[in-house]
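Inside the fold
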Amino acid sequence: QVQLVESGGGSVQHGGSLRLSCALSGYTDRPYCMGWFHQVPGKEREEIAAIDVDDTAGYADSVVGRFTISQNNAKNTLYLEMNNLKLEDTGMYYCAADSRNGGYCHPFRPDNWGQGTQVTVSS
């Protein structure tokens, strides 16, 4: 299994930008689909972006055109570039990895989770 540690969260005004990072450790030769999830209190965790072993990315409708998911060439760091942030983007952001599908994201069923990082978007 892989350990995921997130960083980059914080407070930003609406319309601003933020970049989240997720560092992977304990990485094996097994490929992963990597993704980001968003959660607010009282609601289910929502998948917002995922990227596969070939760097093919997909996005939830709520973030398409605003967020960009990427990973470095070694695939030991995951990023989420967040632009034009909205108040509803406030919440916890979790990175996650799925080791069970050969590095692809269909289906995306994470079996490794980061601790989360808080993002607060203010007016």
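One structure accompanies this document, and this report is about it. Throughout, a residue's number is its position along its own chain's written sequence, starting from 1. Confidence filtering applies because this is a predicted model: local features only for residues at pLDDT of at least 70, side-chain atom pairs given and counted only at 80 or more, and all residues used for totals across whole chains, interfaces and linings. Just so you know, side-chain values use all the structure's heavy atoms and leave hydrogens and water out.

Considering the state of the cysteines
A pair of cysteine sulfur atoms is labelled a disulfide when the two atoms are within 2.5 Å. Scanning all chains against the criterion turns up two disulfides. With a sulfur-sulfur separation of 2.1 Å, Cys 22 is cross-linked through a disulfide to Cys 95. Taking the torsion about the sulfur-sulfur bond, which here is approximately 55°, the covalent link between Cys 22 and Cys 95 counts as right-handed. With Cys 22 in strand S3 (residues 18-25) and Cys 95 in strand S9 (residues 91-98), this pair connects stretches of sequence that are 73 residues apart. For each residue, the accessible area found with a 1.4 Å probe, counting protein chains only, is set against the maximum for its type, and the residue is called buried under 20%, exposed over 50%, and partly exposed in between. On the accessibility criterion, Cys 95 (0% relative accessible area) is buried. The residue that forms a disulfide with Cys 33 is Cys 105, at a sulfur-sulfur distance of 1.9 Å. Taking the sign of the torsion about the S-S bond as the criterion, the disulfide between Cys 33 and Cys 105, at about 105°, is right-handed. Note that Cys 33 is positioned in strand S4 (residues 33-39) and Cys 105 in the loop between S9 and strand S10 (112-113), a separation of 72 residues in sequence. Residue Cys 33 shares its accessibility class with Cys 105, and that shared class is buried. Helix and strand assignments come from DSSP, with helices taken as H or I runs of at least 4 residues and strands as E runs of at least 2, each series counted from the N terminus.

Focus: the sheet that holds strand S7 (residues 67-71)
What the four strands build is an open sheet, ordered S1-S3-S8-S7; its pairing is antiparallel. Since the sheet does not close on itself, it has two edges, and those belong to strand S1 (3-7) and S7, each with one partner. Put simply, the sheet's adjacent strands are angled 15° from each other on average, direction ignored. DSSP calls a pair of strands paired once it identifies at least 2 bridges connecting them. Here S1 runs beside S3; their pairing, made up of five bridges, is antiparallel. What sits directly across from Gln 3, in S3, is Ser 25. Axes here mean lines fitted to C-alpha atoms, for a helix over just the part in contact, with angles spanning 0 to 180 degrees between N-to-C directions.

Considering unusual backbone geometry
Looking along the chain, the bond that leaves His 106 and enters Pro 107 is cis, with omega of 0°. For Pro 107, the location among the structural elements is in the loop between S9 and S10. Despite not being glycine, Lys 75 shows a phi value in the positive range, around 60°. Mapped onto the elements of the fold, Lys 75 is located in the loop between S7 and strand S8 (77-82).

A short note on the packing of aromatic side chains
What counts as a ring pair is set by centres within 6.5 Å for rings of Phe, Tyr and Trp (its six-membered ring), and what kind of pair is set by the plane angle: stacked under 30 degrees, edge-to-face over 60, tilted for all other angles. Taken as a whole and judged by the stated rule, the model has two aromatic pairs. Measuring from ring centre to ring centre gives 5.7 Å for Phe 37 and Phe 108, while their planes differ by 40°; the resulting arrangement is tilted. With Phe 37 in strand S4 and Phe 108 in the loop between S9 and S10, this pair connects stretches of sequence that are 71 residues apart. The burial state of Phe 37 is the same as that of Phe 108; both residues are buried. Put simply, the rings of Phe 37, Phe 108 and Trp 113 touch in pairs and so form one group of aromatic residues. Put simply, a charge is over a ring when the Lys NZ or the Arg CZ is close to the ring centre, within 6 Å, and near the line of the ring normal, within 35 degrees. Of note, Arg 45 hangs over the ring of Tyr 94, and the distance from its end group to the ring centre comes to 3.6 Å. Its guanidinium or amino end placed over the ring of Trp 113, Arg 45 lies 4.8 Å from that ring's centre, counting from NZ or CZ.

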